[in-house]
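Read off the chains here:
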Amino acid sequence: RYEGRAPPRQAPRGQLCPPLVEHLERMPNADSLGWAPTAPPPCAFAGHDPEQEIDLKPESSEEATHRWTVTLGILGIAATMVSGELLKRRGIFRIPEAVIGLLVGVAAGGLSEMFESQTMAEDESFDDEFFMVWLLPPIIFAAGYNMNVPAFFDNLGPTMLLAFGGTVLSAAVVGACVYLAGQLGLAYRLSLLASFFFGSLISATDPVTVLAIFKVIGVRDDIFAVIFGESVLNDAVAIVLARTILSFNTPDADISLLTCLQAATVFCSIFLGSMLIGSLGGTLSALLFKGLGLARVDDKVPLEAALCFAFPWSCYYAAEALELSGIVAILFCGIAMATYARPNLSPHARTLTTELFETLAAIAEAFVFNYLGMAFFTFPILSGGQQSPAGGTVWRLALVTMLACFVGRLHAFLLLPLTNALRMRSARRTARELVAAAESDAQHRATSYLEAAQRSLLSTAHAFVVWFSGLRGGVAFAIAAAAYGDHAFSQCGDEGEPRPCDPAVEISPDLAILQATLLIAVFTIVFFGGAIKDVSLACDVLAKPAAEAAEEASSTCSGRLAATAAPGKGLPRTRSMRARWLHINERYIMPQLTVDGAGGGRAGGRLGDAELPSRCTSNCGLLAAQGHAGWATEMVPTKAREGGALCSTLPADAGAGGEGSPAPGGACARGSDGHPPKEHALAIASRLLESDDDSGRDASRGGRRSLGGSDEGLSVEHQRV
């Protein structure tokens, strides 16, 4: 109702427009409210232009250009996804979608160069904060929420070694090589501190690039878990290393053993704190969904999906507010929600959330690569154009750094055999415990267990794939762009006599780092990303067809059961932390956090054929050791059981219904449908788990009557199902 636009409440009285002040003065309690004027106040809106106040004036050319830039960006994302899909249909994997995104981004940047539009160039400029806050979190969370969680934790040892030890080794090697090359005149000369800063950021393998390519070509779950886990965790390592090095970039900095130990302590606290925040957020979400019981109420799927969005981003921002790693927090939040919260959702909500998170991740991935392509024109990278660097492009620095990265990644051939040795040591200890049990078949069980452990090792070919998959991308460039924007290394000259750089004739060290980072990222995405499928095929790490995977899982799983599921006996209690955690998780945590106490793998229900190798191999021995051989049998999908491959190799009572009471005919007794009787019951139960109506529960009782009229012969676990 005011003639002037209402100002913010905290605006000083002198900034109010006269019409508003006159109205306030006419109020009965104006004096008590503090509005009594002492002098005619000025108006904050010059001229009282009504058109200006209600935005009736035509928009400026800059606003129109901004809207056209947004339109161009949206169309670029669509063009990237459509082109990638067409290439997949034609079976062209040497040009991954990441490369298409780069080319689309280059084309968009070229348009701003062609029209010489400074507004468009500013809108297309790579913003490291926008990347880290809006693009990276949905990608990381979707990967954690939809990943094969057991495969990730089964390979947590090699993942942690690569992410922590490998990244530190790589940063040291790259930093030393870059510094020596500069001192010898082979490349752009960087100071010692700038060299190791460059080494730390360029050692971050990009999870966006790895995810985008591996999801297309389809690699084994264990290899995917190792490479993806390393790329996510070493991003946190690289960011913390870069921050630590920048903290020494002051004239009075003290670099000593004590400060290095303090930096290591800070890093460990950052990682553990971030992991705790993410796990806590996922646990709270599970308790909320279990308490609300939305899965039992109709038409609550949108509410379930909306609540699923609240927890991951809360964890991310909470971790960032505490100066921790939001990337690590949102990853572990996704893993915790997939394990504990998703089983509490309705089937439709599970499907919806999975697809929504995948959709957001796909859009963000396409935009990241568009973003990198635009950076060629929005930053002074290449000579010629609006953003042309005065001193040229540091091609030799990029080449030397790339070769140093190849050398630094060789740690994969050192660390993976180390994890294999540790795994076999644990397996031999368990085998000795089996032999010490002095049972009649102890030697056979120990041998079978060692053979199963041997099949789970990562070979030299796997190490080569890990080395080859060290793709660089948006994360490394975001760190470099942040340093360039903050003028972290803007001094030229010798280390003893630094001087301000002259932008008219020379390149500053932070700009040299930015240029080399983008060139290396583009090279690895285009050439390594295009060749990764051929390398994966040669090294035999591509995901196998469903039938072959089921057959392999059946063989591996039956070997472990033969080693652990003897009549009335199980695997001796192992002292490993992992086994203790799995025992505590299954017995105490799952029943408290999930509705049925069953927990969730990738989809919260029965396992698909694609998940067989890592999931079955990792869990069959554990389940059999705890007296749940029937559950281990149930984990193998129908395709693996149809031929009887698993059943024929199980002990006679491994498929028995009761605990310690063999079923007639042993494990291979067949029902009317060709399956063992208990598998028949489990098949019915699995179908009923997908039904939420009363008719399904009635069918459950009818199905049990058809099997014999009672629950006798079924274990307690199967009766609960």
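Reading the values: rules and limits
All residue numbers refer to position in the chain's written sequence, counted from 1. Per-residue local features are limited, in this predicted model, to residues with pLDDT of at least 70; the limit for side-chain atom pairs, both in listing and counting, is 80 or more; totals at the level of whole chains, interfaces and linings are taken over all residues. In computing side-chain properties, one takes all heavy atoms of the structure into account and sets aside hydrogens as well as water. Helix and strand definitions follow DSSP, with helices as H or I runs of at least four residues and strands as E runs of at least two, each counted in order from the N terminus. Each residue's exposure class comes from its accessible area (1.4 Å probe, protein chains only) as a fraction of the maximum for that residue type: buried when under 20%, exposed when over 50%, partly exposed otherwise. The contact criterion used is simple: two residues touch if any of their non-hydrogen atoms lie within 4.5 Å. Surface accessibility in these figures is a Shrake-Rupley result with a 1.4 Å probe; residues are shielded only by whichever protein chains are displayed. Candidates for patches are residues over 30% relative accessible area with no salt bridge; among them, like charges are joined within 9 Å and nonpolar side chains (Val, Leu, Ile, Met, Phe, Trp, Tyr) within 5 Å. Think of a salt bridge as a Lys or Arg side-chain nitrogen and an Asp or Glu carboxyl oxygen that are within 4 Å of each other. Here a helix's expected span is defined as the number of its residues, less one, multiplied by 1.5 Å. All axes here are fitted lines through C-alpha atoms, helices being fitted over the stretch that makes contact, and every angle between N-to-C directions spans 0 to 180 degrees. Angular relationships are summarised with four words: roughly parallel below 35 degrees, roughly antiparallel beyond 145, roughly perpendicular across 65 to 115, and oblique for the angles in between. Each helix crossing is assigned a hand: it is left-handed if the near helix lies turned anticlockwise from the far helix by less than a right angle, otherwise right-handed if that turn is clockwise. Polar here means any residue other than Ala, Val, Leu, Ile, Met, Phe, Trp, Tyr, Cys and Pro, which are nonpolar, and Asp, Glu, Lys and Arg, which are charged; Gly is therefore polar. What pLDDT conveys is the predictor's confidence in a given residue, as a value from 0 to 100. By nonpolar core we mean a set of buried residues, namely Ala, Val, Leu, Ile, Met, Phe, Trp, Tyr and Cys, connected to one another through side-chain atoms within 4.5 Å. Stacked, tilted and edge-to-face are the three classes assigned to paired rings of Phe, Tyr and Trp, where Trp is represented by its six-membered ring and a pair needs centres within 6.5 Å; plane angles under 30 degrees give stacked, over 60 edge-to-face, the rest tilted. Defined by distance alone, a disulfide is two cysteine sulfur atoms within 2.5 Å. Counting rule for charge: Lys and Arg are taken as positive, Asp and Glu as negative, and neither His nor the chain ends is counted. A single reference atom marks each charge: NZ on Lys, CZ on Arg, CG on Asp, CD on Glu.

Student: Give a detailed account of the overall build of the protein, specifying residues and quantitative values.
Tutor: Scanning the protein from terminus to terminus reveals 31 helices and 2 strands. Scored against the burial criterion, the 721 residues of the protein give a buried share of 51%. Restricting the contact set of the protein to residue pairs at least 6 apart, pairs at least 24 apart contribute 77%. Approximately 33600 Å² of the protein is accessible, and the part contributed by carbon and sulfur atoms is 61%.

Student: I'd like to hear about a nonpolar patch on the surface, residue by residue, with values.
Tutor: There is a patch of nonpolar side chains on the surface, built from V407, L410, F413 and F464 and spanning about 310 Å² of accessible area. Tracing the backbone shows F464 in helix α20 (residues 460–468). Relative accessible area serves as the criterion here: at 31%, F464 is assigned to the partly exposed category.

Student: How would you explain helix α12 (residues 221–247) if you had to name every residue and give the values?
Tutor: The terminal C-alpha atoms of α12, which comprises 27 residues, lie 39 Å apart, in line with the 39 Å expected from a rise of 1.5 Å per residue. Most of α12 is tucked away, with 23 of its 27 residues classed as buried.

Student: Got a sec to walk through the packing of helix α13 (residues 257–292) against helix α15 (residues 326–341)? Specific residues and values, please.
Tutor: With their axes 7 Å apart at the nearest point, α13 and α15 run at an angle of 30° to one another. It follows that α13 is roughly parallel to α15 by the angle criterion. Seen from above, α13 lies across α15 with right-handed handedness. Contacts between α13 and α15 involve F271, S274, M275, G278, S279, G281, G282, T283, S285, A286 and F289 on the former and, on the latter, V328, A329, F332, C333, A336, M337, Y340 and A341. Looking at the contact of α13 with α15, its residues break down into 12 nonpolar, 7 polar and no charged.

Student: Describe the confidence of the model for the protein, with residues and values.
Tutor: With 67% of its residues at a pLDDT of 70 or more, the protein shows a mean pLDDT of 73. Per-residue pLDDT, averaged within each element of the protein, yields its smallest value for helix α28 (residues 645–649) (36) and its largest for helix α14 (residues 301–321) (94). Per-residue pLDDT stays below 50 along residues 50–54; that stretch engages in 10 contacts with residues further than four places along the chain or on separate chains. Confidence over residues 601–677 falls short of pLDDT 50; this stretch has 168 contacts with residues more than four positions distant or in other chains.

Student: Could you give an account of the nonpolar core, with specific residues and numbers?
Tutor: Residues F126, F131, F197, F198, L201, F214 and L397 are the most contacted members of the largest nonpolar core, which totals 144 residues. The element contributing the most residues to this core is α12, with 14 residues. Residue contacts for F197: discarding those within four places in its chain leaves A242, I245, L246, I479, A483, F489 and I513. Counting 8 residues, the second-largest nonpolar core is a separate cluster that includes A427, A446, Y449 and L457.

Student: Hey, could you go over the packing of aromatic side chains for me, with residue numbers and the actual values?
Tutor: Taken as a whole and assessed by the stated rule, the structure comprises 28 aromatic pairs. Both rings, one in F141 and one in W313, keep their centres 6.0 Å apart while their planes meet at 55°; by these two values the pair is tilted. Taken together, the residues span a long stretch of sequence, with F141 in helix α7 (residues 128–146) and W313 in helix α14 at a distance of 172 residues. Take F141: its relative accessible area is 0%, and that puts it in the buried class.

Student: Tell me about the packing of α7 against helix α16 (residues 347–378), and name the residues and values.
Tutor: Two elements in contact, α7 and α16, have axes separated by 8 Å at closest approach and are oriented at 140°. With respect to α16, the element α7 is oriented oblique. At the point where α7 passes α16, the crossing takes the left-handed sense. Along the contact surface, α7 presents F130, F131, L135, P138, I139, F141, A142, Y145 and N146, while α16 presents T353, T354, F357, E358, L360, A361, A364, E365, F367, V368 and Y371. Here the residues of the contact of α7 with α16 sort into 15 nonpolar, 3 polar and 2 charged.

Student: Run through the side chain of D222, naming residues and quoting values.
Tutor: By the element assignment, D222 lies in helix α12. For D222, a relative accessible area of 13% puts it in the buried group. Residues within four places of D222 in sequence aside, it is in contact with N155 and L458.

Student: Hey, could you go over the state of the cysteines for me, with residue numbers and the actual values?
Tutor: Scanning the model with the defined rule gives 1 disulfide in all. Residue pairing for C492: its cysteine sulfur links by disulfide to C501, the two sulfurs lying 1.7 Å apart. Between C492 and C501, the disulfide has an S-S torsion of 105° and is therefore right-handed. Take C492 and C501: they sit in the same class, and that class is buried. No disulfide involves C315; its nearest neighbouring cysteine sulfur is the one of C333, lying 3.9 Å away. Overall, the relative accessible area of 6% leaves C315 in the buried class.

Student: Go over unusual backbone geometry with me, naming the residues and quoting the values.
Tutor: In this structure, D299 takes a positive phi of about 60° despite not being glycine. Mapped onto the elements, D299 comes out in the loop between α13 and α14. We classify D299 as exposed; its relative accessible area is 75%. Phi at H487 is positive, roughly 55°, even though this residue is not glycine.

Student: Hey, could you go over the pattern of salt bridges for me, with residue numbers and the actual values?
Tutor: Inspection of the entire model under this criterion finds 6 salt bridges. Between E230 and R409 there is a salt bridge, with its nearest N and O atoms 2.5 Å apart. With a gap of 179 residues between them, E230 in helix α12 and R409 in the loop between α17 (395–408) and α18 (412–436) connect regions that are remote in the sequence. Looking at E230, the relative accessible area reads 1%, which means it is buried. For R409, a relative accessible area of 4% gives the class buried.

Student: Please give an account of helix α5 (residues 97–115) that cites residues and values.
Tutor: Between its first and last C-alpha atoms α5 spans 27 Å; for 19 residues at 1.5 Å apiece the expected length is 27 Å, and the two agree. E116 occupies a position one or two residues after α5 and carries a positive phi of about 50°.

Student: Mind laying out the environment of P158, listing which residues take part and the relevant values?
Tutor: Locating P158 in the fold gives a position in helix α9 (residues 156–183). Separated by 71 residues in the primary sequence, P158 and G229 place their C-alpha atoms 9.5 Å from one another. Setting aside chain neighbours within four positions, we find P158 in contact with V226, L416, T419, R423 and L458.

Student: Give a detailed account of a negative patch on the surface, specifying residues and quantitative values.
Tutor: The grouping of E62, E63, E122 and D123 at the surface amounts to a negative patch. Taken together, the elements giving at least two residues each to the negative patch come down to α4 (61–89) and α6 (118–124). Counting through the fold element by element, D123 comes out in helix α6.

Student: Give me the lowdown on the environment of F413, citing residues and values where you can.
Tutor: By the secondary structure assignment, F413 is in helix α18. Beyond its immediate sequence surroundings of up to four residues, F413 is in contact with T460, A463, F464 and W467.

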